[in-house]
Amino acid sequence: MGIADVLIMILIIGGAVYMLYRSLWKKKGHCQGCDSVACEKKQL
Amino acid sequence: MSLELGVKSSELRETKRKTITVAVAGNPNSGKSTLINAIAGSRLYVGNWPGVTVEKKSAMFEYEGSKIKLVDLPGTYSLSPYTQEEIIARDYLITEKPDVIINVVDATNIERNLYLTIQMLELGIPVVIALNIYDEAEQKGYRINTKAMEEMLGITVIPTVATKKSGLNDLLKAATEAAANPSRYAPKQLHYSEDIESAATFIQTHLNEHHSSLQKRYPMRWLAFKVMEGDSHMMKEAGLDIDISLIEQATKHLTRAHGDDIESIMADERYAFAAGLTREMVKRPEIRKMELTEKIDKVVLNRFLGIPIFLAAMWLVFKLTFDLSQPFGDWIDGATAGPLSRLAAKAITAVNGPLWVASLATEGVLAGVGFVLAFVPVIFAMMFFITFLEGSGYMARAAFVMDRAMHSMGLHGKSFIPMLLGFGCNVPGIYATRTLENPRDKALTALLLPLMSCGARLPVYVVFIGAFFTTHAGTVLWSMYVMGIALAILMGVIFKRTLFRGESPMFIMELPPYRMPSLRNLLIHTWEKGKHFLIKAGTYIFAVSIIVWFLLNLPWGVESKKDSYLGKTGQVIAPVLEPIGFGNWEAASALVTGLIAKEIVVGTMAEIYAVEQEEQEETTVSEDIREIGASFTAAVGDSIRNVFATFGVTSISAEEDDSVSGLRTVIQKAFTPLTAYAFMAFVLLYMPCVVVAIAMKHEFGTWKWFGVAFGYQMVLAWVVALTIYQGGKLLGIGI
Ligand SMILES: Nc1nc2c(ncn2[C@@H]2O[C@H](COP(=O)(O)OP(=O)(O)OP(=O)(O)O)[C@@H](O)[C@H]2O)c(=O)[nH]1
Ligand SMILES: [Mg+2]
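Residues numbered from 1 in each chain as written. Chains lettered and ligands numbered in written order. Predicted model: local features only at pLDDT ≥ 70, side-chain atom pairs only at ≥ 80, totals over all residues. Heavy atoms only, no water.

Caption draft 1: Spatial organisation of the overall build of chain B. The helix and strand tally for chain B stands at 33 helices and 8 strands. In chain B, buried positions account for 60% of the 735 residues. Sequence separation of at least 24 residues holds for 77% of the intrachain contacts in chain B that already meet a minimum separation of 6. A total accessible area of about 30300 Å² is found for chain B, and carbon and sulfur atoms account for 61% of it. (Helix = DSSP H or I, 4+ residues; strand = E, 2+ residues; numbered from the N terminus. Buried < 20%, exposed > 50% of the residue type's maximum accessible area, 1.4 Å probe, protein only. Contact = heavy atoms within 4.5 Å. Areas by Shrake-Rupley, 256 points an atom, 1.4 Å probe, with all protein chains shown as cover.)

Right under this line is the structure:
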């Protein structure tokens, strides 16, 4: 496998890991109601 | 009265010109969220039971050139600081000082609602009453004299029907007008008995003299009441440190004369006033007929029939879900495996990409995501029925019926609300534990919640049921949910005896009347619940299927998937699963990736078992697209036929699609009905998904509870699967 393959692979895996991090951690798994305030901050 | 108006400082008026903040407050289940949705076109969660909204939420919209921010508050019966809902609502009204309050009053229940209204008037913020659910009040034959109500309370009263969007324009006009002229719309206030008033004046004078800085922040008369009541939450927040003897001096003759504490005395007076007001304003018909709601409840809440009816209702839901959605699942599945993967491959050859990228796109993404997508119709069907049960009012009964069973074992009935939400997705359920006052109840509820079978587990059930239990599909599916509930009760009892000793307070839930949800609302809220699963498929399930593909194909050039990284991991874990019936590396690796989200279990299996597509005849792009369209039309027909079949015409045979049977045949080889059932139970129980873990961390501020949940669920899942497998083997069932 050539350099190009390795590069593409790293790009794809990197993108996938970033997407995982973003949607799971940052967006709290996009749970229902998280678009509004529910998951943003704790009230109490 | 004029004192309170001092609250409106000039700076507040400045910001007001930009946006008018309207707080929507009122009793639980009076239609606040429905009203906001109707006005602003938002999609706040609505359900026919008290306690749906647990958190303040807002919706923005424009009205006659000005921006209006509507704030939905949790429903409360009073503004005393005893429940989290009350604290959230009260803190908002006091500290954020909205420009106007829309007090949503349930017209069928005026007396109880007015108690809160009276408290609200004391806050010195203009109030407009939305006399909501007016349609039902009229139906019952109530005649409400809104003019008299306006005069007695000194505020505008607008009859509304939020579900039919009627009265909204008048309401908005009244609200914006009141916000613009707060002094003209200052509400009247209840005059308590002389004793109370003079005590309040005494304290208020003291506050004005010694704590004059508070005048900017609080309505002083109200603050004086709070001091008299000994409201420590409020005093702490205001930073008030008043000599107890002073309060006693002001109130001692009162408590002595009435033999009660100040708070109760004042509450009594408010109740009396509300009752008097209601008597004057509302004319009820002389003869009261027994209402439909009461008739239904006589049966549904029956001591002996209650639980069987609940179980039967659930069974019907699962049966319908399965039958209705099966053809659509087959369709998406066929489309992703056949024409769509051909299209993907064509696209990649067209841009001249490397061959392995084509394999990643088809075997990885299309198999992984596509297989999860195949179950979106099932999930939507399920969410539709859940939404229907919520909207009709039956869910509240289910909670009531189960509560009676659970309370005897020491569990808190209020925990049921988060658990009900958990059937859609566990995550909102975790956030909803916020309403539980007692930290122990809160943690316990969060621990048990993952046992409620959420939508994400459906795909796993459906694949295995499709492979092994087609004749009893509904029943097997139902048994999974019942198993989850039964184990939650069992674990609750165990936890109560060990980790969480102590009594739970009694919880009394008000049962709403039955209502027919409108189709429009049903569809909107079904979409709101189900859309989450679509977003998931497009984001992290997509990401995971890519990673899984690499894990199955690395190290580079690996001969068989068994020797790949994922395969090796699976082989390490497999022996642990041996005694419970599925000690193969495929199942083990699918369970590992399923830790992210449970749908991924089937996605990974689809990737592992991705059967090489036999060379199909050459097709053109437009042929592929046409094929997708044609099979969709067929699926709609099948789905409709299936629903009729449910009601007893003929039994349905699951459509044998080539690609589906691809995975099904492999699974049929790898599992037996018995091991399949054990596997389903394991997936139900084995651990909360990562998103739930994050939600728990977020809600409790520590990983501790997730750790506990993880630990006990792993053990529970293993023990249950072991019991099923070994028990079944002994009895010779389904081997
Ligand atoms: N008939 C009728 N039903 C209504 C009306 N407004 C709301 N409802 C129904 O009342 C129920 C409760 O509505 P919600 O908007 O969830 O009530 P809420 O006040 O936000 O309740 P909480 O969030 O629990 O405090 C739903 O089933 C609505 O469909 C109305 O004007 N007429
Ligand atoms: Mg609400």
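Back to the text.
Caption draft 2: Focus on helix α26 (residues 565–577) of chain B. Residues and elements named next belong to chain B. Given a rise of 1.5 Å per residue, 13 residues ought to cover 18 Å, and the 19 Å separating the end C-alpha atoms of α26 matches this to within 8%. At Q571, α26 shows its largest kink, close to 30°, and the proline P575 lies no more than four residues downstream. Those residues of α26 not exposed but buried are L566, G567, G570, A574 and L577. The inward-facing, buried residues of α26 abut α25 (540–553), α27 (585–593), α28 (600–608) and α31 (673–685). (Expected span 1.5 Å × (residues − 1). Bend = angle between axes of the 7 residues up to and from the residue.)

Caption draft 3: The packing of aromatic side chains, seen in detail. Residue and element names in this part refer to chain B. According to the stated counting rule, one finds 19 aromatic pairs over all chains in the structure shown. Ring centres of F423 and Y481 lie 6.0 Å apart, and the angle between their planes is 35°; on these two criteria the pair is classed as tilted. One end of the pair, F423, is in the loop between α19 (416–422) and α20 (426–432); the other, Y481, is in helix α23 (residues 473–497), and 58 residues separate them in sequence. With relative accessibility at 1%, the residue Y481 sits in the buried group. Put simply, the rings of F464, F582, F671, F679, F682 and Y686 touch in pairs and so form one group of aromatic residues. (Phe/Tyr/Trp six-rings, centres within 6.5 Å; stacked < 30°, edge-to-face > 60°.)

Caption draft 4: Inspection of the confidence of the model for chain A at higher detail. In the predicted model, chain A carries a mean pLDDT of 69, and 59% of its residues have values of at least 70. Scored below 50 in pLDDT, residues 35–44 of chain A shows 28 contacts in the model against residues more than four places distant or in partner chains. (pLDDT = per-residue confidence, 0-100.)

Caption draft 5: Examining unusual backbone geometry more closely. All names here are of chain B. Positive phi, close to 45°, is recorded for E64, a residue that is not glycine. Tracing the backbone shows E64 in the loop between β2 (57–63) and β3 (66–72). Since its relative accessible area comes to 65%, E64 is described here as exposed. One non-glycine residue with positive phi stands out, namely I133, at about 55°.

Caption draft 6: Spotlight on the side chain of S30(B). All names here are of chain B. Among the secondary structure elements, S30 is positioned in the loop between β1 (19–26) and α3 (32–40). Residue class for S30 comes out buried when judged on its relative accessible area of 0%. Other than its neighbours up to four places away in sequence, S30 contacts V104, D106, N113, N132 and I133.

Caption draft 7: Examining the environment of Y712(B) more closely. All names here are of chain B. Within the element layout of this structure, Y712 appears in helix α33 (residues 704–731). The class of Y712 is buried, set by a relative accessible area of 11%. It is 47 Å that separates the C-alpha atoms of Y712 and F61, two residues lying 651 residues apart in sequence. In contact with Y712, not counting residues within four places along its chain, are L447, L448, L451, M491 and F495.

Caption draft 8: Representation of the coordination of the magnesium ion (ligand 2) in the model. Residues and elements named next belong to chain B. Protein-derived coordination of the magnesium ion (ligand 2) comes from S33 (OG) and T53 (OG1), at a distance range of 1.9 to 2.1 Å. One end of the pair, S33, is in helix α3; the other, T53, is in the loop between α3 and β2, and 20 residues separate them in sequence. The pair S33 / T53 is uniform in exposure class, with both members buried. (Donors = N, O, S within 2.8 Å, 3.2 Å for Na, K, Ca; no water.)

Caption draft 9: Summary view of the confidence of the model for chain B. All names here are of chain B. Scored by pLDDT, chain B has a mean of 82; 90% of the residues are at 70 or more. For residues 1–16, every residue scores under 50 in pLDDT, and the model assigns this stretch 34 contacts once sequence neighbours within four places are set aside. Scored below 50 in pLDDT, residues 649–660 shows 20 contacts in the model against residues more than four places distant or in partner chains. Complex prediction metrics read pTM 0.83 and ipTM 0.83.

Caption draft 10: A look at the packing of helix α17 (residues 376–392) of chain B against helix α24 (residues 519–538) of chain B. Residue and element names in this part refer to chain B. With their axes 8 Å apart at the nearest point, α17 and α24 run at an angle of 140° to one another. Comparing the axis directions of α17 and α24 gives the class oblique. The handedness of the crossing between α17 and α24 is right-handed. Note on element contacts: α24 touches α17 through L522, L523, H525, T526, W527, K529, G530, K531, F533 and L534, opposite V376, I379, F380, M383, F384, I386, T387, F388 and E390. In terms of residue class, the contact of α17 with α24 is built from 12 nonpolar, 4 polar and 3 charged. (Axes fitted to C-alpha atoms, helices over the stretch in contact; angles between N-to-C directions. Parallel < 35°, antiparallel > 145°, perpendicular 65-115°, else oblique. Left-handed = near helix turned anticlockwise from the far one by under 90°. Nonpolar A, V, L, I, M, F, W, Y, C, P; charged D, E, K, R; others polar.)

Caption draft 11: Structural detail: the nonpolar core. All names here are of chain B. Core analysis: the largest hydrophobic core is formed by 152 residues, its most contacted members being F464, Y481, F582, I667, F671 and F679. The element best represented in this core is α23, accounting for 12 residues. Three or more residues apiece are contributed to this core by two domains, here domain 1 (16–180) and domain 3 (309–731). Sequence-distant contacts of Y481, that is, excluding residues within four places in its chain, are made with M314, F318, M382, F423, S453, C454, L458 and Y461. I101, V105, V157 and M266 belong to the second-largest nonpolar core, a separate cluster that totals 65 residues. (Core = buried A, V, L, I, M, F, W, Y, C linked by side-chain atoms within 4.5 Å. Domains from an automatic or database assignment.)

Caption draft 12: Seen up close, the state of the cysteines. Residues and elements named next belong to chain B. Inspection of every chain in the model, using the stated rule, returns 0 disulfides over all chains. In this model C454 remains outside any disulfide bridge; the closest cysteine sulfur is found in C425, 6.1 Å from its own. Given the relative accessible area of 8%, C454 is considered buried. With no disulfide of its own, C689 lies closest to C454 among cysteine sulfurs, the gap being 6.5 Å. Owing to a relative accessible area of 15%, C689 belongs among the buried residues under this scheme. (Disulfide = S-S within 2.5 Å.)

Caption draft 13: Looking closely at the pairing of strand β4 (residues 100–106) of chain B. Residue and element names in this part refer to chain B. Among the 7 residues of β4, 7 are classified as buried, and the element is accordingly described as predominantly covered. Here β4 shows a buried face lined by V100, I102, V104 and D106 and a second buried face lined by I101, N103 and V105. For β1 and β4, the ladder comprises 5 bridges, and the chain directions are parallel. Paired with V22 across the two strands is V100, which belongs to β4. The pairing of β4 with strand β5 (residues 127–132) spans 6 bridges and is classified as parallel. (Pairing = 2+ DSSP bridges.)

Caption draft 14: Main features of the site of ligand 1. All names here are of chain B. Close to ligand 1 lie 26 residues; K32, T34, G51, V52 and T53 are nearest. In the environment of ligand 1, an oxygen atom lies 2.8 Å from a nitrogen or oxygen atom belonging to the backbone of V52. A distance of 2.7 Å separates an oxygen atom of ligand 1 from a polar side-chain atom of T53. For ligand 1, whose unbound accessible area comes to 660 Å², protein coverage reaches 95%. Secondary structure elements with two or more residues in the shell around ligand 1: α3 and α6 (134–139). The element contributing the most residues to the shell around ligand 1 is α3, with 3 residues. (Near = heavy atom within 4 Å. Polar contact = N/O pair within 3.5 Å; in protein donor to acceptor, adjacent residues only side chain to side chain.)

Caption draft 15: Region of the structure containing the pattern of salt bridges. Residues and elements named next belong to chain B. Taken as a whole and judged by the stated rule, the model has 14 salt bridges over all chains. R515 is paired through a salt bridge with E136; the nearest N and O atoms lie 2.7 Å apart. Here E136 lies in helix α6 and R515 lies in the loop between α23 and α24, a separation of 379 residues in the sequence. Assessed through its relative accessible area of 17%, E136 is described here as buried. Here E528 makes a salt bridge to K531, at a shortest N to O gap of 3.5 Å. Of this pair, E528 and K531 are both found in helix α24, 3 residues apart, which corresponds to roughly one turn of the helix. Accessibility classification places E528 together with K531 in one group, the buried group. (Salt bridge = Lys/Arg side-chain N within 4 Å of Asp/Glu carboxyl O.)

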